[in-house]
Amino acid sequence: MTYRKPLQEFERIATANRWVLKLLGVDIFNPDFRYSTATWVICSLACTFILVTGYDLYRFRNDVFNFAFALVTLGYAVIGVSRLWFLLGSPAAYSQIFAESKETYRQESSERSREVQQKYTRLLKQCVVLYSGCFLGGSIMAGLLPFAVYWWTGQKVLPFGVILPFTDPDTMEGYQLNYLYQVSCIAWTPPGLTATQNMYFALVFNICIQYDVLQLKLEDLDVLIKDTAEYSVIQQKLVEIIHCQQHLSAFVTEIERIFAVQMFIEISSMAMQIVVILFVEHIGLWIPGYLAILVATFQLLIFCALGTFISIKADLFAESVYNVSWHQIRIPEQQSIKFMMAKSQQSLLLTYGGMLPLDMNLFLSVYRKIYSIFMMLQNV
């Protein structure tokens, strides 16, 4: 295994997803990104989708099923538009954090560091393949669902709860027009959402690489101390570790700054979708609702699992700092260890809008809240 291999694999994964974003005009991970015709087209399509869905909420205000369908669709629209808003609002921040993630691969040259990079790059690839397959596969299933429902029940349904103004989906022409519009939305929305999500995976796994490399450096430091190495060598290693720790802290802080509000919007939207679907399912059978619940739950689980992963890494790093044989070194070096220990106690976590840690406890809390709201709606 060569040093270049993990970086090349990382760049290959990133390039595939950035190619999708480039087609959509939103490759903000490119430092030379400029607004293009494709950018304005995708923004226009997203805004049109929001406006049409908002119109449908008014149109079906007295129809529980269609209103709920439109409300669930609006949740996906809000997620997509919010991603566009944040991506295009500060492209320099995204390109900078992506450049720093690539630099992580270049900075380390030891065999053990390369093994860490290889491990997490392999995990990233598996995660990207799994997520892309599930999300894009689910989107294709949603597009084909009307055929299955018609074959099973004889009813005509649409993939999403968005109906074009001045059309009647109960007529053949109206149904075909709306189906074609919704399928056209499937052609650009899921690929864009998948590509941006995969780039988020790349950044999160890069945090894991930095944590594990830091732990390797701590192990090396402990060996130097126990072997009674020269104090200048120990001090040099301490400075190196502190520098890496500060870089990691800045990296996580920047990712949190960029994504915290977006996480709040997306998790809130998905929770709202699940509540609405459960309420409608309580009234009567709604087949598309089960697929929507599955997708929303899967997305929630992914976000919270990644946050939990980072939280565990932070705890393990703090424990590693504490286990260094700091009592065997001089007072000045002990002060450096204390500094690292104090920094490691400061939570470097991904959060839900800066309010709650993004972890499995949040996942359980969201579902407890969903259950409480659902029970309250049942009693209305």
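Analysis parameters
Residues numbered from 1 in each chain as written. Predicted model: local features only at pLDDT ≥ 70, side-chain atom pairs only at ≥ 80, totals over all residues. Heavy atoms only, no water. pLDDT = per-residue confidence, 0-100. Helix = DSSP H or I, 4+ residues; strand = E, 2+ residues; numbered from the N terminus. Salt bridge = Lys/Arg side-chain N within 4 Å of Asp/Glu carboxyl O. Buried < 20%, exposed > 50% of the residue type's maximum accessible area, 1.4 Å probe, protein only. Contact = heavy atoms within 4.5 Å. Phe/Tyr/Trp six-rings, centres within 6.5 Å; stacked < 30°, edge-to-face > 60°. Lys NZ or Arg CZ within 6 Å of the ring centre and 35° of its normal. Expected span 1.5 Å × (residues − 1).

A. Highlighting the confidence of the model for the protein chain. In the predicted model, the protein chain carries a mean pLDDT of 84, and the fraction of residues at 70 or more is 94%. Per-element mean pLDDT across the protein chain ranges from 73 in helix α9 (residues 331-345) up to 90 in helix α2 (residues 37-59).

B. The pattern of salt bridges, seen in detail. Taken as a whole and assessed by the stated rule, the structure comprises 15 salt bridges. Residues R106 and E103 are paired through a salt bridge, measuring 3.5 Å at the closest nitrogen-oxygen approach. Remark: E103 and R106 occur in helix α4 (residues 91-107); sequence separation between them is 3 residues, near one turn of the helix. A salt bridge links E240 to K237, with the nearest nitrogen and oxygen atoms 3.4 Å apart. Linking E240 with K237, this pair stays in helix α7 (residues 231-283), spanning 3 residues, or about one helical turn. It is possible to trace a salt-bridge network through shared partners that takes in E11, K102, E103 and R106.

C. Representation of unusual backbone geometry in the model. Residue F166 is not a glycine yet carries a positive backbone phi of 65 degrees. Note on F166: relative accessible area 81%, which makes it exposed.

D. The environment of F303, seen in detail. With respect to the helices and strands, the residue F303 is situated in helix α8 (residues 287-323). Here F303 falls in the buried class, since its relative accessible area comes to 0%. For F303 and W188, which are 115 residues apart along the polypeptide, the C-alpha to C-alpha distance reads 22 Å. Ignoring sequence-local partners within four residues, the contact set of F303 consists of R83, Q197, Y200, M263, E266, I267, M270 and L358.

E. Layout of the packing of aromatic side chains. For the structure shown, the criterion picks out 19 aromatic pairs. Their ring planes at 90 degrees and their centres at 5.8 Å tell us that Y94 and F259 sit as a pair that is edge-to-face. Placement of the pair is Y94 in helix α4 and F259 in helix α7, with a sequence separation of 165 residues. Of the two residues, Y94 and F259, both sit in the buried class. Here the aromatic cluster, defined as three or more aromatic residues joined through ring pairs, consists of F10, F29, Y94, F98, Y105, Y200, F259 and F303. The residue whose ring lies beneath R61 is Y58, and the NZ or CZ to ring-centre distance is 4.0 Å.

F. Local environment of the environment of K343. Structurally, K343 can be placed in helix α9. The class of K343 is partly exposed, set by a relative accessible area of 24%. Sequence separation between K343 and K102 is 241 residues, and the spatial gap between their C-alpha atoms is 24 Å. In contact with K343, other than residues within four places in its own chain, are Q245 and S249.

G. Looking closely at α2. For α2, which comprises 23 residues, the first-to-last C-alpha distance of 32 Å matches the rise-based estimate of 33 Å (1.5 Å per residue) to within 8%. Those residues of α2 that are buried lie in contact with α3 (64-89) and α6 (172-226).

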